[in-house]
Amino acid sequence: MPQNVPSFAELLDGAQSTAVHLEMRDAYGVASEAEDFARWKSTGERDMDAGSPYWGPWVELIRRTVARGVTVRRARIVSEPVSDYIRYEHAGTPVNLHAGERVRWLARRRASDIALPGNDFWLVDGHLIRWNHFTGDGTSGGGEISEDPATAKLCADAFEAVWARAVPHEDYKIS
């Protein structure tokens, strides 16, 4: 039976205190990013306008979430040297920061002894997990919701272990 998976706006609008996001892929092929990614690859320029059609909805969502007192953190585990897609993400991260997210980066080689879930996830208020599934080529494979306490603990512990080792965005340099 298909599960009713809330949108990211519904998920974050329901957050009371924390929302953490762990990303573990070196490339994504999400349709909503395709045009901006292609432009960046050909010109080296990224849309950095927080009010643009590309960024505006996300920036507004994060701003209103943070304004309610919710802490929003994102950690990215990346292979080094980084992929073109990670270069692209790194270039756009100042907009995430401007919106109110906190972002850190962890070299994959420094995550070898961390027990990690098999998929990217959002964890809201320490108990609501939104799994982000992706296909082999990085396109969205849909989401899934879980509130299993043991799995939420795995996600929380993994995120905090990554966060403790990760480098704040402003200090993570890509050569």
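See the structure shown above.
What this report covers is the structure whose coordinates are included nearby. Residue numbers restart at each chain and count upward from 1, following the sequence in its written direction. For this predicted model, a pLDDT threshold of at least 70 governs which residues receive local features, and a threshold of 80 or more governs which side-chain atom pairs are given and counted, while totals over whole chains, interfaces and linings are taken from all residues. Based on all heavy atoms of the structure, the side-chain values leave hydrogens and waters out of the count.

### Section: the packing of helix α3 (residues 56-67) against helix α4 (residues 84-99)
When two helices pack together, their arrangement is given by the angle between the helix axes and by the axis-to-axis distance.
So, point 1. Angular values range over 0 to 180 degrees, each being the angle between N-to-C directions of two axes fitted as lines to C-alpha atoms, with helices fitted over their stretch in contact. Put simply, DSSP H or I for four residues or longer makes a helix, DSSP E for two residues or longer makes a strand, and each gets a number counted from the N terminus. In contact at an axis separation of 8 Å, α3 and α4 are set at 35 degrees when each is read in the N-to-C sense. On α4, the residues touching Trp58, Val59, Ile62 and Arg63 of α3 are Val95, Asn96, His98 and Ala99.
So, point 2. Of the residues in the contact of α3 with α4, the class split is five nonpolar, two polar and one charged. A contact between two residues is defined here by any heavy atoms of the two lying within 4.5 Å. Throughout, the ten residues Ala, Val, Leu, Ile, Met, Phe, Trp, Tyr, Cys and Pro are labelled nonpolar, Asp, Glu, Lys and Arg are labelled charged, and all others, Gly among them, are labelled polar.

### Things to note about the pairing of strand β4 (residues 120-124)
So, point 1. Among the five residues in β4, five count as buried, and that is most of the element.
So, point 2. For every residue, the accessible area obtained with a 1.4 Å probe (protein chains only) is divided by the maximum for its type, and the residue is called buried under 20%, exposed over 50%, and partly exposed between those limits. In β4, alternate side chains face the same way, and those of Asp120, Trp122 and Val124 on one face and Phe121 and Leu123 on the other are all buried.
So, point 3. The pairing criterion is simple: DSSP has to find at least two bridges between the two strands. Note: strand β1 (residues 18-23) against β4, four bridges, orientation antiparallel. Within β4, the residue paired with valine 20 across the bridge is leucine 123.
So, point 4. When β4 meets strand β5 (residues 128-134), the two strands line up antiparallel, connected through five bridges. If you follow valine 124 over to β5, its bridge partner there is leucine 128.
So, point 5. Hairpin remark: β4 followed by β5, antiparallel, with three residues in the connecting loop; positive phi at aspartate 125, about 55 degrees.

### Thoughts on the pairing of β1
So, point 1. Most of β1 sits out of view: five of its six residues are buried.
So, point 2. Where β1 and strand β2 (residues 71-78) come together, six bridges link them in parallel fashion. Bridge pairing links histidine 21 to arginine 74 in β2.

### Structural notes on helix α2 (residues 34-43)
Helical geometry: 3.6 residues make up each α-helical turn, so side chains three or four residues apart lie on a common side.
So, point 1. All buried positions along α2 are accounted for by Asp36, Phe37 and Trp40. The buried residues of α2 occupy one face: seen down the axis, they fall within an arc of 100 degrees. What points out from α2, more than 90 degrees from its buried face, is the exposed set Glu35, Lys41 and Ser42.
So, point 2. At the exit of α2 stands glycine 44, carrying a positive phi of roughly 80 degrees. Arc definition: it is the arc formed by the directions from the helix axis to the C-beta atoms.

### Overview of the sheet that holds β5
So, point 1. The strand order β6-β5-β4-β1-β2-β3-β7 describes an open sheet built from seven strands, whose pairing is mixed. Here the strands that pair on one side only, and so sit at the sheet edges, are β6 (140-146) and β7 (167-168).
So, point 2. Pairing between strand β3 (residues 102-107) and β7: two bridges, direction antiparallel. The residue bridging arginine 104 from the neighbouring strand is proline 168, located in β7.
So, point 3. Running at roughly 155 degrees to β3, α4 makes contact with β1, β2 and β3 of the sheet.
So, point 4. Contacting β1, β2, β3, β4, β5 and β7, helix α5 (residues 149-165) crosses the sheet at an angle of about 75 degrees to β2.

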